[in-house]
Amino acid sequence: MQRSYPEQELHICVAMHFLSNNNFCHSPILALELKWLSCVLLDQAKEAMEQGEVPVGCLMVYREQIVGQGRNEVNETKNATRHAEMVAIDQVLDWCQRHSEKTTDVFEHTTLYVTVEPCIMCAAALRLLKIPLVIYGCRNDRFGGCGSVLNIATDYLPNTGTPFECIGGYRAEEAVEMLKTFYKQENPNAPKSKARKKD
Ligand SMILES: [Zn+2]
């Protein structure tokens, strides 16, 4: 919940820029960066869809650089925990090793951008890692851990990391559109429904 870092202020500006209809963003350079950031983010979700995965993509931004990015890899790995956030967390761990940075320091100054509200599992992981700020696209009505089902982000939960701030609605329309498109087409990896044979 602390906002003592300048880069965090910037990321809040990023979100506000897209959330507000009026021109909140004053700097053309900032606007350009935001455009680039959101393109990379949505590309991750698109890539997931192209690979037959639920289209969710995310980015981890530490001091103005992307240190981790991920998309759903559940079907590909046959591992139900390989959500975009988990993939990105592993990348941050690799990044820390390559740059000889302390993982706790990096996570505590990292903003997560994700196209869909983190699920309960991922929200718990983010809380344990003490990620201070999460900017997400659309709500996750079935599994959301940032208020839609449970509020792992801000509830009082002793000995479970640090509460984090969430801003929803960032490029939400595109995120929803991708999910709709995905679920409209037959999910080749979904188990066959018994309800199909009705005749
Ligand atoms: Zn998740």
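Residues numbered from 1 in each chain as written. Predicted model: local features only at pLDDT ≥ 70, side-chain atom pairs only at ≥ 80, totals over all residues. Heavy atoms only, no water.

For the protein, the name recorded in an unreviewed UniProt entry is tRNA-specific adenosine deaminase 2, with Pleurodeles waltl as its organism. Word for word, the UniProt comment on the protein under Sequence similarities (unreviewed entry) is "Belongs to the cytidine and deoxycytidylate deaminase family. ADAT2 subfamily." (UniProt positions renumbered as here; feature names shortened; annotations may be inferred.)

Chemist: Where do I start with the sheet that holds strand S5 (residues 165-167) in this structure?
Modeler: Pairing between the strands of a sheet is mediated by backbone hydrogen bonds and can be parallel or antiparallel. The mixed open sheet is built from 5 strands, whose spatial order is S2-S1-S3-S4-S5. What marks the edges here is a single partner per strand, and that holds for strand S2 (65-71) and S5. Going across the sheet, the axis of each strand differs from the next one's by a mean of 20°, ignoring polarity. For strand S3 (residues 110-116) and strand S4 (residues 133-138), the ladder comprises 5 bridges, and the chain directions are parallel. What sits directly across from tyrosine 113, in S4, is isoleucine 135. Here helix H7 (residues 172-184) sits on the sheet and contacts S3 and S4; the angle it forms with S4, its principal contact strand, is near 55°. (Pairing = 2+ DSSP bridges. Helix = DSSP H or I, 4+ residues; strand = E, 2+ residues; numbered from the N terminus. Axes fitted to C-alpha atoms, helices over the stretch in contact; angles between N-to-C directions. Contact = heavy atoms within 4.5 Å.)

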